[in-house]
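What follows is each chain in one-letter form.
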Amino acid sequence: MSLETEQINELHWLMEMLHTIDVGLVVLDRQYNIQIWNGFMENHSGMLPREVKGKELFSLFDEIPKDWFKRKAESVFLLKNKAFTIWEQRPYLFKFQNYRPITGSADYMYQNTTFIPLMSATGLVTHLCLLIYDVTDNATNKQDLECVNNELAILSQTDGLTQLFNRSHWESCLQSEFKRWCRSRSPSSLVILDIDHFKNVNDNYGHPVGDDVIRHLSGIIKKHVRETDISGRYGGEEFVVLLADTPLENAQIFCERLRKEVAQSIVTHNDIELSYTISLGVAEVDLSIKTYEAWIECADSALYRSKENGRNKVTLHPKQA
Amino acid sequence: MSTPLLICDDSNMARKQVARSLPDGWDVDISFATNGSEAIEAIKAGKGDVLLLDLNMPVMDGYEVLQAIVKEDLPTMVIVISGDIQPEAHQRVTSLGALDFIQKPVNKNKLTEILSAYGVFTAETKEVALEVKPAASPSVSKLNLPPVSAPEKVDVTKKQEESVGFLEPDLRDCYQEIANVAMGRAGDLLARLLDVFVVLPIPNVNLIEVSELSMALSAVEVNESTSGICQGFIGAGVSGEALLILNDSSFQDVATLMNYNQTLDENSELELLMDLANVLIGACLSGVSEQLDMSFSQGHPVVLGQHRKISELIATNSARWRRTLAIEISYNIENYPIKCDLLLLFTEESMKTLNNKIAYLLD
């Protein structure tokens, strides 16, 4: 084989490779007219090279935002610098279908792209090469992972029965609220409440009914709290609500509203109808309270006094300072 | 009579490069200064009828030297040789009285051409032995000029061994100068992109453990909220990553400068960050690759994180990283509180090739 045919062969192979490589290759001129369009682009777009040759990119693909694309491209022409885009900033340049239309979960192909300046013999950038990489699997994996992590984060903080915060997460919220109070000293109140004679409900009607009562109460709590309040399930039939920016008097109003609504409502489970009451204790944080645990104790002892004094009551922990 | 010539640059390598790029057979009496105030002393002592001046230097920079020369009416002709190639830098030095501006790395033909153009050097005065006098003033460094024919060799093998532990001052100086030129390229593009004047720092070169990385970032406070992009690069025998870290409070100003009209959200901030990364990382790498005569492939950029503390940005991969040659460049934009940190991190293995390349540069 002569040297010349060898070179021609090599060139031919190179062309063949560029045509079949699983990466999109496009060459654009200064006016954004398509000059080269490889097999990847042909197959994914359904447009033959001769159909697109010489046509303006934006006239064929209206999913490409002209201003955005030109901003990237002009800096490549001007600064003779490569530019990259990633799927996180824009999921795709060309709206192609997912490579796996049946088992894939994404609706379209996520793409990373590279803009490469192509220089003429005079050193001017006259053309631009676009490389289109399919990164659908990377993107969906990362998104799935983020999704799962978010769900896990929520799950680990939530009580399954009531969808309120669970005890450990609620306690860490209380801890940071206590720290915030130490700095800001704006009033903050803590409510602990407990279903009266809950054991009787379980004993007389069974646990499914008991669960309904707990869900019912958590529904009422959710209805009455503001977005900034933090409510949680503290124990079996015990609930806590942290009322940020709320002095004792206002917390009392909140508690009375809650107590009355519970006392007036009826829980139905199949043909069973029953009513129940709650007892509440409130403590506003003050200088005599040195830790968040002590704050809980204050509210808890107020709750104890509500129970002592006949239940279905609100008791305030007297302010010390 | 030989012409008293003063070369002022904080980099030893740059001083040598300039000295070796002087026209052949020029009868000069060379002194060196490592910063602006040494240069002023030397001019006053009559050692600097011609001054070849760098811009970015500690203690007293090139701009301040030019101002002092005008103010005190010192008898010297100044040609600036700098990696800062922003058109505005050029303009500023000529308006301060510099004859001309030469871009680093300095080129012998260009220097000869300019020296001839201003009549500082005439080709007739030749065949005079180069005589190096140690500078008399104590503040002027008493460097010996490497003879043009036999340049001082850097003992590379010795340095390679030592480089594992710490960075030799000579080598650090070389890296710093290479970074300086590369940074100038990137700064120039940034200035053109944003239409501002970019204040170029003195690059920070260190051999550090990756665990020290977040502490090594001088431009970013530990508790500030930041966003970052990271991009891998590789060339024959040299590989590493480029990190671009932008202070979150800078986004609004960058958006204004880049004419982003939309309101800023996490997505448009990522756009801005990517645009900055494309320009700065690309230009810096091509500056390095040009000087070392090698080319780099760049991987796709990866988002390190948005709105996070610097330690969280970097912590993600820290288990895999070990010791690294870190070049930190903190860009500041004149009149805007924009803080932008570009880090070039080279793997420990890359240093062997890098050191060889540098030895070649010094030859």
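A.B. asks: Honestly, the overall build of chain B in this entry has me stumped. Any pointers?
C.D. replies: A count of helices and strands for chain B gives twelve helices and 13 strands. Buried residues in chain B amount to 45% of all 363 residues. When contacts within chain B are restricted to residue pairs at least 6 apart in sequence, those whose partners lie at least 24 apart make up 72%.

A.B. asks: What's the story with the overall build of chain A in this structure? I'm lost.
C.D. replies: For chain A, the helix and strand inventory stands at eleven helices and twelve strands. Taking 20 Å as the expected radius of gyration for a compact globule of 321 residues, we find that chain A reaches 34 Å, considerably beyond that expectation. By its C-alpha atoms, chain A is 105 × 50 × 35 Å across when sized along the principal axes. When each of the 321 residues of chain A is scored for burial, the buried share is 31%. In chain A, the share of contacts with a sequence separation of at least 24, taken over all contacts with a separation of at least 6, comes to 58%.

A.B. asks: Explain the pairing of strand β8 (residues 225-235) of chain B to me, please; I cannot follow it from the model alone.
C.D. replies: Regular strands have side chains that alternate between both faces of the sheet. Residue and element names in this part refer to chain B. By the bridge criterion, five bridges tie β8 to strand β11 (residues 302-309) in an arrangement that is antiparallel. Along β11, the bridge assignment pairs T226 with R308. Note: β8 against strand β9 (residues 238-247), ten bridges, orientation antiparallel. Counted as the bridge partner of I229 is L244 from β9. Between β8 and β9, which pair antiparallel and follow one another directly, the connecting turn spans two residues, one of which, G237, has a positive phi of 80°. Note that β8 and strand β10 (residues 297-298) share two bridges and pair antiparallel. Following the sheet pairing, F233 is matched in β10 by Q298.

A.B. asks: Just to check I follow, could you spell out the packing of helix α2 (residues 36-44) of chain B against helix α3 (residues 62-72) of chain B for this structure?
C.D. replies: For any two helices packed against each other, one specifies the inter-axial angle together with the distance between the axes. Residues and elements named next belong to chain B. Contact geometry of α2 with α3 gives a least axis separation of 9 Å together with a crossing angle of 30°. It follows from the interaxial angle that α2 and α3 lie roughly parallel. Note on packing geometry: the crossing formed by α2 with α3 is right-handed. Residue-level inspection shows G36, A39 and I40 of α2 in contact with α3, the latter providing G62, E64, V65 and A68. Classifying every residue of the contact of α2 with α3 by side-chain character gives four nonpolar, two polar and one charged.

A.B. asks: How should the sheet that holds strand β4 (residues 111-119) of chain A be read in this particular structure?
C.D. replies: Strand pairing within a sheet occurs via backbone hydrogen bonds; the two strands may be parallel or antiparallel. Residue and element names in this part refer to chain A. Taken in spatial order, the five strands of this open sheet run β2-β1-β5-β4-β3, and their pairing is antiparallel. Two strands lie at the open edges of the sheet, namely β2 (34-37) and β3 (83-85), each paired on one side alone. For this sheet the average axis-to-axis angle between neighbouring strands, irrespective of direction, equals 20°. By the bridge criterion, three bridges tie strand β1 (residues 24-29) to β2 in an arrangement that is antiparallel. The partner of V26 across the bridge, within β2, is W37. Contacting β3, β4 and β5 (125-134), helix α5 (residues 66-79) crosses the sheet at an angle of about 30° to β4.

A.B. asks: Is there a simple way to think about the nonpolar core in this case?
C.D. replies: Generally speaking, soluble globular proteins have nonpolar side chains that are buried together. Grouped together as the largest cluster of nonpolar side chains are 126 residues, with contacts concentrated most on A39, L51, L190, L244, L276, L280 and C284 of chain B. Looking at this core, the element that brings in the most residues is helix α7 (residues 169-194) of chain B, giving 14 residues. Residues contacting L190 of chain B, with those up to four places away along its chain left out, are V198, V279, L280 and Y331 of chain B. Core analysis: the next-biggest nonpolar cluster, separate from the first, contains 41 residues, V201, Y234, V241 and V314 of chain A among them.

A.B. asks: So what exactly am I meant to see when it comes to the domain arrangement of chain A here?
C.D. replies: A common way to express how large an interface is: the accessible area buried when the components associate. If you check the domain split of chain A, you get domain 1 (3-144) and domain 2 (157-316). Spacing between the C-alpha centres of domain 1 of chain A and domain 2 of chain A amounts to 60 Å.

A.B. asks: Before we go on, may I ask you to explain the sheet that holds strand β5 (residues 100-103) of chain B in this structure?
C.D. replies: Residues and elements named next belong to chain B. Sheet architecture is open: five strands sit in the order β2-β1-β3-β4-β5, paired in parallel fashion. Lying at the two open borders of the sheet, with one neighbouring strand each, are β2 (28-33) and β5. Adjacent strand axes in the sheet meet at a mean angle of 20°, parallel and antiparallel pairs treated alike. Pairing of strand β1 (residues 3-8) with β2, which is carried by six bridges, proceeds in the parallel orientation. When the sheet's bridge partners are listed, L5 is paired in β2 with I30.

A.B. asks: Teacher, can you tell me more about the domain arrangement of chain B here?
C.D. replies: Residues and elements named next belong to chain B. Parsing chain B into structural domains produces domain 1 (3-117) and domain 2 (157-362). In this assembly, 13 residues from domain 1 lie in contact with 19 residues from domain 2. By residue number, the principal contributor to the side of domain 1 that touches domain 2 is helix α1 (residues 12-20), which donates three residues. Across the side of domain 1 that touches domain 2, the residue classes tally to five nonpolar, five polar and three charged.

A.B. asks: So what exactly am I meant to see when it comes to α1 of chain B here?
C.D. replies: Every α-helix carries 3.6 residues per turn, so stepping three or four residues along brings you back to the same face. Residues and elements named next belong to chain B. Judged by how many residues are buried, α1 sits mostly within the fold: eight of nine residues are covered. Restricting attention to buried positions, one finds in α1 the residues N12, M13, A14, R15, K16, Q17, V18 and A19. In this structure, the buried side of α1 is in contact with β1, β2, β3 (50-53), β4 (77-82), α7 and α12 (350-362).

A.B. asks: I would appreciate a short explanation of the interface of chain B and chain A in the present structure.
C.D. replies: With 14 residues of chain B at the contact, the number on the chain A side is eleven residues. Elements represented by at least two residues in the side of chain B that touches chain A include exactly α7 and α10 (266-292) of chain B. For the side of chain B that touches chain A, the class distribution of residues is eight nonpolar, five polar and one charged.

A.B. asks: What is the right way to look at the packing of helix α9 (residues 207-224) of chain A against helix α10 (residues 248-264) of chain A in this model?
C.D. replies: Residue and element names in this part refer to chain A. Where α9 meets α10, the axes come as close as 11 Å, and the angle between the chain directions of the two elements is 140°. Judged on the interaxial angle alone, α10 and α9 are oblique. Considering only the axes of α9 and α10, their crossing is right-handed. Within the contact between the two elements, α9 uses L217, I220, I221 and H224 and α10 uses F254, R257, L258, E261 and V262. Partitioned by chemical class, the residues of the contact of α9 with α10 number six nonpolar, one polar and two charged.

A.B. asks: Would you explain the environment of G62 of chain B in this entry?
C.D. replies: All names here are of chain B. Looking at where G62 falls in the secondary structure, it is placed in helix α3. Judged by the 28 C-beta atoms lying within 10 Å of it, G62 is buried. In contact with G62, other than residues within four places in its own chain, are G36, L53, D54, L55, M57, V80 and S82.

A.B. asks: Would you explain α12 of chain B in this entry?
C.D. replies: Residues and elements named next belong to chain B. The first and last C-alpha atoms of α12 sit 18 Å apart over 13 residues, in line with the 18 Å expected at 1.5 Å per residue. For α12, the complete set of buried residues consists of M351, L354, N355, K357 and I358. For α12, the arc enclosing every buried residue in end-on projection is 165°, short of the 170-degree limit, so these residues lie on one face.

A.B. asks: What's the story with unusual backbone geometry in this structure? I'm lost.
C.D. replies: Most peptide bonds take the trans configuration, and most residues that are not glycine carry a negative phi. A cis geometry characterises the amide bond from K104 of chain B onward to P105 of chain B, with omega recorded as -10°. Within the chain, K80 of chain A stands out as a residue other than glycine whose phi angle is a positive 55°. Its location among the elements puts K80 of chain A in the loop between α5 and β3. For K80 of chain A, a count of 16 C-beta atoms within 10 Å puts it in the partly exposed group. Positive phi, close to 55°, is recorded for D293 of chain B, a residue that is not glycine. Following the sequence through the fold, D293 of chain B ends up in the loop between α10 and β10.

Rules used in this analysis
Residue numbering note: each chain is counted from 1, following its sequence as written. Starting at A for chains and at 1 for ligands, labels are handed out in the order in which the entities are written. With pLDDT at 70 or above as the cut-off, local features in this predicted model cover only qualifying residues; side-chain atom pairs require 80 or more to be listed or tallied, and sums for whole chains, interfaces and linings still use all residues. Segments assigned H or I by DSSP are reported as helices when at least four residues long, segments assigned E as strands when at least two residues long, and all are numbered from the N terminus. The exposure scheme places C-beta atoms from the backbone and then counts, for each residue, the other C-beta atoms within 10 Å of its own, assigning buried at 20 or more, exposed at 12 or fewer, and partly exposed in between. Placing a C-beta atom from the backbone of each residue, one calls two residues in contact when those atoms lie within 7 Å. Taken over C-alpha atoms, the radius of gyration is set against a globule rule of 2.2 Å times the number of residues to the power 0.38. At least two DSSP bridges between two strands are required for those strands to pair. Angles here are taken between N-to-C directions and fall from 0 to 180 degrees, while the axes themselves are lines fitted to C-alpha atoms, restricted in helices to the stretch in contact. Any angle from 65 to 115 degrees is called roughly perpendicular, while one under 35 is roughly parallel, one over 145 is roughly antiparallel, and all others are oblique. By definition, any crossing whose near helix is turned counterclockwise from its far helix by less than a right angle is left-handed, and any crossing with a clockwise turn is right-handed. Any residue outside Ala, Val, Leu, Ile, Met, Phe, Trp, Tyr, Cys, Pro, Asp, Glu, Lys and Arg is labelled polar, Gly included; the first ten of those are nonpolar and the last four are charged. Remark: nonpolar core denotes a set of buried Ala, Val, Leu, Ile, Met, Phe, Trp, Tyr and Cys residues whose joining runs through C-beta atoms within 7 Å. Segmentation into domains, and thus their bounds, comes from an automatic or database assignment. Here a helix's expected span is defined as the number of its residues, less one, multiplied by 1.5 Å. Working definition: the arc comes from the directions between the helix axis and the C-beta atoms, pointing outward to the latter.

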